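Chain by chain, the residues:
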Amino acid sequence: MFSHLPRAPLERLRLPWLAQARIDCAILRLDLIDPLISGNKGFKLQEPLRLARATGAPGLISLGGNHSNHLHALAAAGRRFGFATAGLLRGHPQDTPTVRDLQAFGMHLHWLGYAGYRARHQADFWQPWQDRYPGWHCIAEGGAGEQGMAGCALIVEQARGQLAQIGWPDYHAWWLAVGSGTTLAGLVRAEQGAHPVHGALALPADHGVAQTVQALVGGAGYHLHDACRGGFARVDDALLAFIEASERASQVPLEAVYTGKALLALREQVEAGRFAPGTRLIFVHTGGLQGRRGYV
Ligand SMILES: Cc1ncc(COP(=O)(O)O)c(C=O)c1O
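If you're wondering where the values come from, they're calculated on a predicted model, not measured in any experiment.

The rules we used
Residues numbered from 1 in each chain as written. Predicted model: local features only at pLDDT ≥ 70, side-chain atom pairs only at ≥ 80, totals over all residues. Heavy atoms only, no water. Domains from an automatic or database assignment. Contact = heavy atoms within 4.5 Å. Buried area = accessible area lost by both parts, 1.4 Å probe. Salt bridge = Lys/Arg side-chain N within 4 Å of Asp/Glu carboxyl O. Helix = DSSP H or I, 4+ residues; strand = E, 2+ residues; numbered from the N terminus. Expected span 1.5 Å × (residues − 1). Buried < 20%, exposed > 50% of the residue type's maximum accessible area, 1.4 Å probe, protein only. Polar contact = N/O pair within 3.5 Å; in protein donor to acceptor, adjacent residues only side chain to side chain.

This brings us to the domain arrangement of the protein chain. Domain parsing of the protein chain yields domain 1 (10–34 + 148–294) and domain 2 (46–138). Just the C-alpha atoms count here: the centres of domain 1 and domain 2 sit 27 Å apart. Every contact between the two is made by 9 residues of domain 1 and, on the other side, 10 residues of domain 2. Interface area for domain 1 against domain 2, summed over the two sides, is near 770 Å², with a carbon-plus-sulfur share of 48%. On the domain 1 side of the interface with domain 2, the three residues burying the most area are Asp-34, Gln-290 and Arg-293, jointly 54% of the side's total. Here domain 1 and domain 2 share 2 salt bridges between them.

Written out as structure tokens, the structure is:
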């Protein structure tokens, strides 16, 4: 584990539609903390890695799809910090850039099929894996839940520590992409109501994210916005054109599953007048750029 998680730079984000609405936006570049263990995953894996070390676990097991940013970061962290890793994958064997990296990092891969993967929420799901890998630390899909959340308070700390450098006395709200809702919940807990956290949903609303966040931190201190554009990881031409234009204007790389959709949802809200002129927003770049290889 990182003994000191590298600091994610906080930078001004300059885009024409932000300037037009007189919204000040800064972007917290979690994508830059590390070439491999990057984005919100670096923060979400902190506590599971600490626990694995503290309990003498020989390895860590988790779940994901064949483009999973979470498994990618976990496999890289295992290799770097001396843990074995196992990945339980959705579907049937496929050769994607992410899967090739997982293999190169030495992760043991098990393909569960689709029905097998759907069983991941059942109470007895982990038992056979715990029998097969005794003493290994099991991490929920996407690093979700309390353990994943624990490391995310540091995101707030890192941003606050850099406000003076960009000439801000304070900020008004956060904006970030949401999958499981864990990172958002971590920010909400750290904020304790001081600043609202806006989450742009990468999954359809009926996937239970609101319930997950509610269970973690209750119902206050955040707002969830639909941003998934018809489905998780569904990509359309308008989104790709928006990403390309945003990258050209801001020099910040984005991907289409999380950060690109989150920024587009922010533009929609800004253009609808959701934020008053003069609002200072922190957009969290949650990383995921390795996943771009899957669709570019
Ligand atoms: C790049 C990226 N951004 C955002 C998220 C969403 O994070 P969370 O599951 O904590 O809501 C994920 C993972 O799910 C991700 O890989």
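Picking up after the structure, the text goes on.
A separate point is helix H4 (residues 69–81). Spanning 13 residues, H4 covers 18 Å between terminal C-alpha atoms, matching the ideal 18 Å at 1.5 Å per step. With 11 of 13 residues buried, H4 is to be regarded as a mostly interior element. In the core, the buried residues of H4 are packed alongside helix H2 (40–44), helix H3 (46–54), strand E3 (59–64), strand E4 (84–89) and helix H5 (97–104). In this structure Ser-68 caps H4, since a side-chain oxygen of it lies 3.2 Å from the backbone nitrogen of His-70. In the stretch just after H4, Gly-82 is the one whose phi turns positive, near 80°.

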